[in-house]
Protein chains: 2
Amino acid sequence: MNYTNELISIGPRALSYPNPVMLIATFDENKIPDIMAASWYGICCSEPPCVNVSVRKARKTYDNLILNNCFTVLVPSEEMVMEADFTGIYSGHKVDKCKELDLKYTNSEIIDAPVIEGFPILLECKVINKIELGSHTQFIGRILDIKVNKSLIENKKIPTIKDVKPFVYDSGTRAYYSIGKFLGDAYKIGLKSNINT
Amino acid sequence: MNYTNELISIGPRALSYPNPVMLIATFDENKIPDIMAASWYGICCSEPPCVNVSVRKARKTYDNLILNNCFTVLVPSEEMVMEADFTGIYSGHKVDKCKELDLKYTNSEIIDAPVIEGFPILLECKVINKIELGSHTQFIGRILDIKVNKSLIENKKIPTIKDVKPFVYDSGTRAYYSIGKFLGDAYKIGLKSNINT
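Note that the coordinates shown come from a computational prediction; the quantities given were computed from them, not determined experimentally. (Residues numbered from 1 in each chain as written. Chains lettered and ligands numbered in written order. Predicted model: local features only at pLDDT ≥ 70, side-chain atom pairs only at ≥ 80, totals over all residues.)

### Here's the deal with the overall build of chain A
So, step 1. Per the secondary structure count, chain A includes four helices and 13 strands.
So, step 2. Its C-alpha atoms give chain A principal-axis dimensions of about 60 × 45 × 35 Å.
So, step 3. Within chain A, contacts between residues at least 6 apart in sequence are counted, and of these 62% link residues at least 24 apart. (Helix = DSSP H or I, 4+ residues; strand = E, 2+ residues; numbered from the N terminus. Contact = placed C-beta atoms within 7 Å.)

Structural data, given as structure tokens:
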């Protein structure tokens, strides 16, 4: 596509392409699990490996994060897009989401957070920082371990994104999209033979 | 897919699915523009709208962010995957990337950062927070304005992700993938008629 160089201002808004969709799982004071879809999320450090997730104070997830200082991140596959959307619509203050979705869980062996069954991958995280930003509070979680479903890891150590089949959120039109085709290898396709560094 | 409930530990690492790919554009002290691909990036607040991006101290982008406290975020389309990868491979300390890629630029009218031509969308951001995390420093930028290329906005206010054609980064296998098919409308497909809240 050849873009014109004419730019139209649309003002400040929470718009970026694409955004991930993750489920954040926490326990409340009665060890009832809650899960909440989060798109204001990402990796924010390589060493130590950390993720950041932003949560509104009205969310049960917020209370649970303050209580336990840990959470699991469940990566939903595209088959679970309806369930993921459900966990973003309803509040854990009013709905027992695991019960409604008939999701089984156990306790993580390393943190005080639920391991929900049926997801390809989960990250076990300990909160190491909390930043007030306005509508949202950003929690930074250090990744203590990652668990991969055995069915995805038979022949190789790390599953590809096409095995995991996560999906993305278009914050402009409020819609979910799958992952498409392979475009190239990172740190390879942009190499230029004429540049020595 | 039916996942087994057997989980394999793969240890802590910077792994999550999917990650965005953005270009962060900044000026140095001589007003030479630099651009750097960033995947440790995301929206982190709705009101005020903010993004977070993590940068290593060795990057020229880090020096430029400290110097000017502002940056633009360029959303690359999948046609620009090679150029995006290029900006992630080479350091702005050694390579004038805009010159190498023959990218034209102007000065943003509202911040001291470059507006690089040829991208579908750009966000103009002012740094409001900086958090040291280890290998990376996280910068939080308040979005002051968003500019959309006119060719994408003729008939509607906000382009869809299929118009913008961004791509994602698989941090497990270090590869880029396009955006696939529409899966459903957010805040709709997960509604359950039997739940009153």
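### Some points on the relation of the copies chain B and chain A
So, step 1. When chain B is fitted onto chain A, the two copies agree to an RMSD of 0.0 Å after a turn of 180° and an axial shift of 0.0 Å. Here the two chains are linked by the operation of a two-fold rotation axis. Distance from the rotation axis, computed per C-alpha, reaches its smallest value in chain B at G180(B): 1.9 Å.
So, step 2. Interface overlap between copies: 100% of the residues of chain B at the interface are likewise at the interface in chain A, consistent with a symmetric, same-surface contact. (Least-squares fit on C-alpha atoms with pLDDT ≥ 70 in both.)

### Considering the sheet that holds strand β13 (residues 175–185) of chain B
So, step 1. A sheet is described by the order of its strands in space; here six strands give the open sequence β2(A)-β12(A)-β13(A)-β13(B)-β12(B)-β2(B), paired in antiparallel fashion. The open sheet has two edge strands with one neighbour each: β2 (19–20) of chain A together with β2 (19–20) of chain B.
So, step 2. The pairing of β2(A) with strand β12 (residues 167–170) of chain A spans two bridges and is antiparallel. Looking at the pairing, N19(A) lines up with Y169(A) of β12(A). (Pairing = 2+ DSSP bridges.)

### Here's the deal with the confidence of the model for chain A
So, step 1. For chain A, mean pLDDT is 95; residues scoring 70 or higher make up 97% of the total.
So, step 2. Scored as a whole, the predicted complex attains pTM 0.96, and scored at its interfaces, ipTM 0.96. (pLDDT = per-residue confidence, 0-100.)

### Focus: the environment of F86(A)
So, step 1. For F86(A), the location among the structural elements is in helix α2 (residues 81–89).
So, step 2. Remark: the alpha-carbon pair of F86(A) and A37(A), spanning 49 residues in sequence, is separated by 8.2 Å.
So, step 3. Apart from residues no more than four positions distant in its own chain, F86(A) is found in contact with K97(A), L101(A), G190(B) and K192(B).

### Some points on the interface of chain B and chain A
How large an interface is tends to be reported as the accessible area lost when its parts come together.
So, step 1. With 105 residues of chain B at the interface, the matching set in chain A holds 105 residues.
So, step 2. If you tally residues by element for the side of chain B that touches chain A, the top one is β13(B), at 11 residues.
So, step 3. Looking at the side of chain B that touches chain A residue by residue, the class counts come to 57 nonpolar, 30 polar and 18 charged.
So, step 4. As paired elements, strand β11 (residues 136–149) of chain A and strand β1 (residues 7–9) of chain B share three bridges and run antiparallel to each other. Across the sheet, residue K147(A) finds its bridge partner in β1(B), namely S9(B). (Nonpolar A, V, L, I, M, F, W, Y, C, P; charged D, E, K, R; others polar.)

### Focus: the pairing of strand β10 (residues 121–132) of chain A
Consecutive residues of a regular strand have side chains that alternate between opposite faces of the sheet.
Residue and element names in this part refer to chain A.
So, step 1. Where strand β7 (residues 70–75) and β10 come together, six bridges link them in antiparallel fashion. Residue pairing in the sheet places L74 in a bridge with L122 of β10.
So, step 2. In this structure, β10 lies alongside β11, joined through 11 bridges in antiparallel fashion. Its bridge partner being in β11, I131 is matched across the sheet by Q138.
So, step 3. In this antiparallel pair of consecutive strands, β10 and β11, the connection spans three residues, and G134 shows a positive phi of 140°.

### Focus: helix α1 (residues 60–68) of chain A
Residues and elements named next belong to chain A.
So, step 1. Those residues of α1 that fall on the buried side of the exposure criterion are K60, T61, N64 and L65. End-on, the buried residues of α1 take up no more than an arc of 135°, which puts them together on one face.
So, step 2. Residue N69 follows α1 closely and has a positive phi angle near 55°. (Buried ≥ 20, exposed ≤ 12 C-beta atoms within 10 Å, placed from the backbone. Arc of directions from axis to C-beta.)

### Description of the pairing of strand β7 (residues 70–75) of chain B
Residue and element names in this part refer to chain B.
So, step 1. The buried fraction of β7 amounts to six of the six residues, a majority that puts the element mostly inside the structure.
So, step 2. Of the two faces of β7, the one lined by C70, T72 and L74 and the one lined by F71, V73 and V75 are each fully buried.
So, step 3. Strand direction decides the pairing type here: strand β3 (residues 22–27) and β7, joined by three bridges, are antiparallel. In the sheet register, I24 faces β7, and the bridge partner there is V73.

### Quick notes on unusual backbone geometry
So, step 1. Look at the link from Y17(A) to P18(A): it is a cis peptide, with omega at -10°.
So, step 2. The phi torsion at K31(B) lies on the positive side, around 60°, for a residue other than glycine.
So, step 3. As for its placement among the helices and strands, K31(B) is situated in the loop between β3 and β4 (33–38).
So, step 4. C-beta crowding within 10 Å serves as the criterion here: with 11 such atoms nearby, K31(B) is assigned to the exposed category.
So, step 5. A positive phi angle, near 55°, is found at D102(B), a position not held by glycine.

### A short note on the environment of T4(A)
So, step 1. You can see T4(A) is positioned in the segment before β1 (7–9).
So, step 2. Each C-alpha atom, one on T4(A) and one on E117(A), is 48 Å from the other, the two residues being 113 residues apart in sequence.
So, step 3. Ignoring any residue separated from it by four or fewer positions in sequence, one finds T4(A) in contact with N149(B), K150(B) and S151(B).

### Things to note about α2(A)
So, step 1. For α2(A), the set of buried residues is V81(A), E83(A), A84(A), D85(A), F86(A) and T87(A).
So, step 2. Those residues of α2(A) that are buried are in contact with β3 (22–27), β4 (33–38), α3 (97–100), β12 and β13 (175–185) of chain A together with β13 of chain B.

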